[in-house]
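Topology and contacts: notes
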Amino acid sequence: MKRDQPFVRKVIYLVAMAALLVPINMISSPATNTRPGGTLSQLRAEHRLSQANLGDIDPAGASMSLATLGMRGVAANLLWERAIHYKKTENWDSFKATLNQITKLQPNFIAVWKFQAWNISYNISVEFDDYRHRYHWVKKGVDFLIEGTRFNRNEPRLLADLGWFFAHKFGRSDEYVQFRRLFREDEDFHAVHFDNPTAPVERRDVDGPDGRPDNWLLSRHWYVVAQNVVDTKAAPLKGTSPLIFHSEPPKTLINFADAIEEEGYLDEKGQTAWKKAYEAWIDYGNRSIPTSFGYEIRLNDLEPLRERLDEIGSEFNELAEGIHDQILAEKKNQLTDEEREVADIPAHELSEDQREMSYEIESKITVSEEEVAERVGAEKRELARRLAREMVSTGAIADTIRRYREIVNFDYWRARCEVEQLDDMVAGRRHVFEAERLFDEDADLEGARAEYERGWDLWATIFDRFPMLLDDIQGEDLYDSVLKYEKLLGQLDQEFPPPGFKLMPLLEAQGREVAPQPGGNLEIDQLTDESESDGAEEVDSDGDRSSDSESEEATDAESEAENAEAAAEESDEAEMPADESSVEETAAEETAAEETGPAESTEPESATDEPAPEADVEEDPAEESADEEEASAEVPSDEPAPEADSEEESGEESAEK
Amino acid sequence: MVQEHPLLPFWEWLPFQLLLFVGMLLGLSFFGVFASFLVLSVRNGPRKAMGIVGETIGIGYRDLKSTSWGRIFGLASLAFREALRRYVLVVFAVFVVILLFAGWYLDVESDNPAKLYLSFVLKATNFLVVLLAIFLSVFSLPTDIKNRTIYTIVTKPVRAWEIVIGRIVGFGAVGTIILAMMCLFSYVFVTRGVSHAHRVLDESVEVAADGSGGWRGETDRQAYHRHDATINPDGSGFTDSRMGHLHQVTRSEGNEEADYEMGPPVGSLQARVPVWGELRFLDRAGKPADLGINVGKEWTYRGYVEGGTAGAGIWTFHGLNSRDFPQGLPIEMSIRVFRTYKGEIESGILGTIVLKNPTTGMQAEEIPFTASDNSVDQLFIDRRIKAALPGGQFREVDLFEDLADGGTMEVWINCAERGQYFGMARTDFYLRASDRMFAFNFVKSYFVMWLQMLVVTGFGIMFSTFLNGPVSMLATLGSIILGYFTNRIMDVLTGDAQGGGPIESVIRIVKQDNLVTPLDVNPIATAIIQGFDLISMGIMRGFSFLMPNFRDFAEFGGLNTTRFVANGFDISMNLIAQFTVTTLAYLIVVTCLGYFFLKSKEIAA
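Everything numeric here is computed off the predicted structure, so don't read it as measured data.

**Focus on the overall build of chain B**
Scanning chain B from terminus to terminus reveals 16 helices and 22 strands. Dimensions of chain B, computed from the C-alpha atoms along their principal axes, are close to 95 × 65 × 55 Å. The 605 residues of chain B split such that 46% are buried. Within chain B, contacts between residues separated by at least 24 positions form 70% of all contacts whose residues are at least 6 apart in sequence. About 30100 Å² of surface is accessible on chain B, with carbon and sulfur atoms providing 62% of the total. For chain B, the distance from the average position of its 51 positive side-chain charges to the average position of its 57 negative side-chain charges is 15 Å.

**Here's the deal with the sheet that holds strand β12 (residues 328–333) of chain B**
Residues and elements named next belong to chain B. With antiparallel pairing, four strands are arranged side by side in an open sheet as β7-β22-β12-β17. The open sheet is flanked by β7 (271–276) and β17 (377–382), the only strands paired with a single partner. Along the sheet, successive strands turn relative to each other by an average axial angle of 40°, direction set aside. As paired strands, β12 and β17 are joined by six bridges and run antiparallel to one another. From the neighbouring strand, Glu 332 faces β17, where its bridge partner is Gln 378.

**Observations regarding the side chain of A:Ser219**
Residue and element names in this part refer to chain A. With respect to the helices and strands, Ser 219 occurs in helix α13 (residues 215–231). When its relative accessible area of 0% is taken as the criterion, Ser 219 is described as buried. Within the local environment of Ser 219, its side chain forms a polar contact with the backbone oxygen of Gly 163, the two atoms lying 2.8 Å apart. Excluding residues within four positions of it along the chain, Ser 219 makes contact with Gly 163, Phe 166, Ala 167 and Thr 252.

**Topic: the interface of chain A and chain B**
Taken together, the 32 residues of chain A in the interface contact 30 residues of chain B. When the two sides are added together, the surface that chain A and chain B hide from each other amounts to roughly 2600 Å², 41% of it contributed by carbon and sulfur. Summed over the shared surface of chain A and chain B, the result is eleven salt bridges. For the salt bridge of B:Arg221 with A:Asp188, the shortest nitrogen-to-oxygen distance reads 3.8 Å. The interface formed by chain A and chain B includes 15 residue pairs in polar contact (both at pLDDT 80 or more). Of all the secondary-structure elements, those providing two or more residues to the side of chain A that touches chain B are α4 (59–67), α5 (72–88), α6 (92–105), α8 (131–151), α10 (176–185) and α11 (187–194) of chain A. A per-class count over the side of chain A that touches chain B returns ten nonpolar, seven polar and 15 charged.

**Here we look at the confidence of the model for chain B**
Residues and elements named next belong to chain B. Per-residue confidence for chain B gives a mean pLDDT of 87, with 97% of residues at or over 70. Note on residues 553–557: pLDDT is under 50 here. Beyond four places in sequence and across chains, it has 20 contacts. For this predicted complex, the interface score ipTM comes out at 0.87, while the overall pTM is 0.78.

**A word on unusual backbone geometry**
Backbone torsion omega between A:Phe496 and A:Pro497 reads -5°, so that peptide bond is classified as cis. One can find A:Pro497 in the loop between α25 (473–491) and α26 (504–509). Of note in this structure, B:Ala223 is not a glycine but carries a positive phi near 50°. Looking at where B:Ala223 falls in the secondary structure, it is placed in the loop between β2 (215–218) and β3 (228–231). One non-glycine residue, B:Tyr224, lies in positive phi territory at about 70°. Within the element layout of this structure, B:Tyr224 appears in the loop between β2 and β3. With relative accessibility at 43%, the residue B:Tyr224 sits in the partly exposed group.

**As for the nonpolar core**
Grouped together as the largest cluster of nonpolar side chains are 113 residues, with contacts concentrated most on A:Phe166, A:Leu299, A:Trp456, A:Val482, A:Phe501 and A:Leu503. Excluding residues within four positions of it along the chain, A:Leu299 makes contact with A:Leu243, A:Tyr284, A:Gly285, A:Ile401, A:Tyr404, A:Arg405, A:Val408 and A:Phe410. Within the second largest apolar cluster, 76 residues are counted, among which are B:Phe92, B:Val129, B:Ile150 and B:Trp276.

**Let's talk about α10(A)**
Taken together, the buried positions of α10(A) are occupied by A:Gln178, A:Phe179, A:Arg180, A:Leu182, A:Phe183 and A:Arg184. Buried residues along α10(A) sit against α8, α9 (156–171), α11, α13 and α14 (242–262) of chain A.

**Let's talk about helix α3 (residues 69–85) of chain B**
Residues and elements named next belong to chain B. When the terminal C-alpha atoms of α3 are compared, their 24 Å separation across 17 residues agrees well with the 24 Å that a helix rising 1.5 Å per residue should span. For α3, the set of buried residues is Ile 72, Leu 75, Ala 76, Ala 79, Glu 82 and Ala 83. Relative to the axis of α3, the buried residues are bounded by an arc of 120° and lie together on one face. Structural note: α3 exposes Gly 70, Phe 73 and Arg 85 on the side pointing more than 90 degrees away from its buried face. By the N-cap criterion, in which a side-chain oxygen at the helix start approaches the backbone nitrogen of a residue two or three places on, α3 is capped by Ser 68, the distance to Gly 70 being 3.2 Å. Backbone geometry just downstream of α3 places Tyr 87 in the positive-phi region, at approximately 55°.

**Description of the packing of α14(A) against helix α21 (residues 378–408) of chain A**
All names here are of chain A. Packing of α14 against α21 brings their axes to within 10 Å, and their N-to-C directions diverge by 50°. It follows that α14 is oblique to α21 by the angle criterion. Between α14 and α21 lies a crossing of right-handed hand. For the pair α14 and α21, contact is made by Leu 243, Ile 244 and Ser 247 and by Tyr 404, Ile 407 and Val 408, respectively. Broken down by class, the residue content of the contact of α14 with α21 amounts to five nonpolar, one polar and no charged.

**So, the sheet that holds strand β6 (residues 258–262) of chain B**
Residue and element names in this part refer to chain B. Spatial strand order, β1-β2-β3-β4-β5-β6: six strands in an open sheet with antiparallel pairing. Among the strands making up the open sheet, the edge pair consists of β1 (206–207) and β6. Pairing analysis gives four bridges linking β2 to β3, with the strands arranged antiparallel. Bridge assignment links Arg 216 to a residue of β3, and that residue is Thr 230.

**Things to note about the domain arrangement of chain B**
What the domain assignment lists for chain B is domain 1 (10–194 + 436–604), domain 2 (202–262) and domain 3 (303–424). A separation of 52 Å is found between the C-alpha centroids of domain 1 of chain B and domain 2 of chain B.

**Re the pattern of salt bridges**
Under the definition given, this model contains 73 salt bridges over all chains. Among the salt bridges present, the one from A:Lys275 reaches A:Glu279, with a minimum N-O distance of 3.4 Å. Pair noted here: A:Lys275 and A:Glu279 are both in helix α15 (residues 268–285), with a separation of four residues, about one helical turn. Residue classification places A:Lys275 among the partly exposed residues on the basis of a relative accessible area of 43%. The residue B:Asp63 makes a salt bridge to B:Arg159 at a minimum N-O spacing of 3.4 Å. In this pair, B:Asp63 sits in helix α2 (residues 46–65) while B:Arg159 sits in the loop between α7 (151–154) and α8 (160–194), placing the two residues 96 residues apart along the sequence. Overlapping salt bridges, with partners in common, bring together A:Glu90, A:Glu127, B:Lys297, B:Arg302, B:Arg336 and B:Asp428 in one network.

The rules behind the values
Residues numbered from 1 in each chain as written. Chains lettered and ligands numbered in written order. Predicted model: local features only at pLDDT ≥ 70, side-chain atom pairs only at ≥ 80, totals over all residues. Heavy atoms only, no water. Helix = DSSP H or I, 4+ residues; strand = E, 2+ residues; numbered from the N terminus. Buried < 20%, exposed > 50% of the residue type's maximum accessible area, 1.4 Å probe, protein only. Contact = heavy atoms within 4.5 Å. Areas by Shrake-Rupley, 256 points an atom, 1.4 Å probe, with all protein chains shown as cover. Lys, Arg positive; Asp, Glu negative; His and termini not counted. Charge placed at Lys NZ, Arg CZ, Asp CG, Glu CD. Pairing = 2+ DSSP bridges. Axes fitted to C-alpha atoms, helices over the stretch in contact; angles between N-to-C directions. Polar contact = N/O pair within 3.5 Å; in protein donor to acceptor, adjacent residues only side chain to side chain. Buried area = accessible area lost by both parts, 1.4 Å probe. Salt bridge = Lys/Arg side-chain N within 4 Å of Asp/Glu carboxyl O. Nonpolar A, V, L, I, M, F, W, Y, C, P; charged D, E, K, R; others polar. pLDDT = per-residue confidence, 0-100. Core = buried A, V, L, I, M, F, W, Y, C linked by side-chain atoms within 4.5 Å. Expected span 1.5 Å × (residues − 1). Arc of directions from axis to C-beta. Parallel < 35°, antiparallel > 145°, perpendicular 65-115°, else oblique. Left-handed = near helix turned anticlockwise from the far one by under 90°. Domains from an automatic or database assignment.

Right under this line is the structure:
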């Protein structure tokens, strides 16, 4: 018996091992093409945890991991340290090689790809002085990121980063002019990149107006790919808000349109680009965006919601007429004397403590819709309650939409996209662009000035219709051109701003202090004075110029007269007189006075000829003498007016679209 | 190539190292004798101990005198056959497999594939050969001792010297054969890896716009790059340099169209012989400065000079003569740029080079250049050059006769643009004396690896004389690692590397403290911990100083030439001589130690 015991034990062990094989097989058997595999394989597939679900599997990486004998983390740590050392000692080739090894050990660790791609494109690239070398290293970062998407196919962060790199590194860096040019010409990069395994690029989707790929459009491609991953729920969106995330594709179209116009595509190509940008922005506004309040909103819903609020409000007010005031009075009666005193003090005169109290008072006397509804007569109380509830919820949603809109500057970009399609806008830009070309390349000062002034006319029209553009980047960009114009005038010995300068509101918006010109500066608060003193009575009190052709003619004639004056002046050293009261003299006298020189223009009410004639000319733009002056100054006088008219009319048409 | 410490000429290097070696040898000898005396005194009493020690030394001397090379070679051949029986050629097979799959791991689109491939094969070879040497050397003697086969040897009139030296020679021979095969395969791997061919795209060729009568064109894309080609009117030309190389282009008129022939890549596998000078700086006021300006970089290897000021970097070259540079001076430089404002993005930063006689002050005409930053600029200065005379005149002078004083000449580099800076280090500017054969340079690097292998073998055998196999392996590995991290240990001791010594760093890791805050324990404990760390780091520093440093080549007796070969510089015979002497020194010491340890085993037996 004892001799059989080892044998028996062995048999028992063998049977136990065989029995254990069954659950092991059930749990661990691998998946194949035809079978789903064991429990673990099925769980991996269900929760997308296997490496194959994430992306490609790299045999080199797998073998390297095996070779580390379980110390993959230690090896990766050491490699990171080496990479930092190589970066510090500017050993770029070894640095890049080390990164490759790190990613082979950690192909599914997103932070590695994100961080190091950024490191290469943003930190390493700027270590090189030659912009071509910088471009080369920016591309390396992009290639690195694309490699990361191969192993992490449905990772929106990497895909969005690609969009970001193409957008901002190629299109917004200091070297953006050079990078955009190099990118357009880099056919080798296009050939390799467009054929990438993650999201191949259709050439027609990314070609710019010159038939070559544009970085902004390629950026959009990657953002759209990232969007598709999120929309199809292939992967959740992490690390960024949906509002910002979904705003990127249309923003790339906006930036594309802006960029090509800056490069001189001030024609239907530019307008088409803005049109597409506008449509994309509206589509973005129609997209459902989850909010942190648990409901979804659409940015375009604000106006309809406000209309609905107005309707409900009217209906509610009809039902609850007078109740609101009644409740308010009751609440105010309940305030203490001190509180009543504080409530009567204007907000800007409140002390710190009083301000605190005023907030409390405000909350005490605020009358809610529910309170009003409760006081409505019994027969209509239920309706009032329902309306009150709807007002509150609609108001909350509208408020959320308003705030979300502000985050992405929705209204501004929508208006901008609309405005940029206008013919006036395009024409204005074209004139300024041409003026700068004439100034910078041809040194044609007079030609440049004429183009500038044509452009200012059109821009003035635009700003009148869209004053919001004065205070933003648009205004800032144009202000740079105005500064160039100032420089040009300086070279012509002309003063700045010239009399009747159309963009005074822009100067004000940019914080530029300019002394008022004698009856001439078209500052907003003085337009009424001008309208009283001359025949151009179409200007409204708020300075808004309607699309009245007569006023346009008057304005154009005025500017022409100014041009004539400027051309006839011999020196530009006079200060503008403060007094803008008009002195009516003939143009001939004005001309003679001008020719004698503008020496004493500091006395506002002096009887010298210089200021008066200038003021007079500006205030009597329709006078024939102005035409004579313009003829003698050889300024093309007739052209702007008809042009402005026709452009304005076409602008009206396009605005009506 | 970065070189933080200058290479001394052999005859300048030798005296100090010899002194150091003799001092350490005497020190170690004294320590060994004293330690032996103490141990023996405990067992046998001081008088007898002194006798034993004296007798052992005497025996050692007699054994050394009667060492037979015949017996050494006999034991060597035994060791050789033993190694072959242990299938050491597997190491070579592993190496071949690594080479075959290297493409999976290497960045084939690297900007400098030659450097990458060379680094890869040299490091892989180094790693495998060192491992081979360890495994061969540490198990041999302990196995013989354990199996008692050692008695068949020691009972013969074989000296312990011969046992130790014989094993070193035998295992060294095995390693030599394997290393030679690895060298051949590596060379083929590298040359095939960088080899590629282009063709000029006919449709891209157009007449040069500069009116020179030549042509400009483009090549096709091969090996992840293409070149721009510039062809002279006579039909000869070159491409631009991409990925560390360029190609020669030849145009010949064919029947209908021109034919273009492109040569193989030139410049990727090279062995430049640089002549480096000494660098000093002048500050913006023109006064001598110890270092250049620090523009905020963490790595202070380079100093910067401010543009538009009297600031300059001055290299002083010695021993210049017309025999070495008959036509003039071929210069290669890599001047870094630091801009404080962008300026013209498409233009580089301008600077000037001025050659000066350090004694007479005569200076040549300024040579303007545009710094290329991170690339190597090549410039050739003719032997006949215009020099400035007092009064603003210029006349042509001879570079060596007028501008060099007894072979010593200064080269001044200034940045011409105000607000911009040039960064320089000593090795960023050199004269390219000549080029040696790349293949020979490659073989020299393997020779240095062979020296490393001998040192490791010696250490392994030395440890195996008194430790068993696994412990010997750990000891040998530990010695190599200690030598590898010599600089890091030094940084911890001096405080350059923050975080403290062994105990302090463990505490910081466990408590998840950062490196720079004071240790969060009570002051007494802090003092004890830091004191202990200081002592232990000091001991480690001492040992690491004694151990071979296979990472660096010039500092602390380093033994590594990978950087030379990978960066395309010739390994000078000066360096080879230094490494050889260093290796001999290590071998002498480990052989002596091995002998005495083995002898003490006999005595103990």
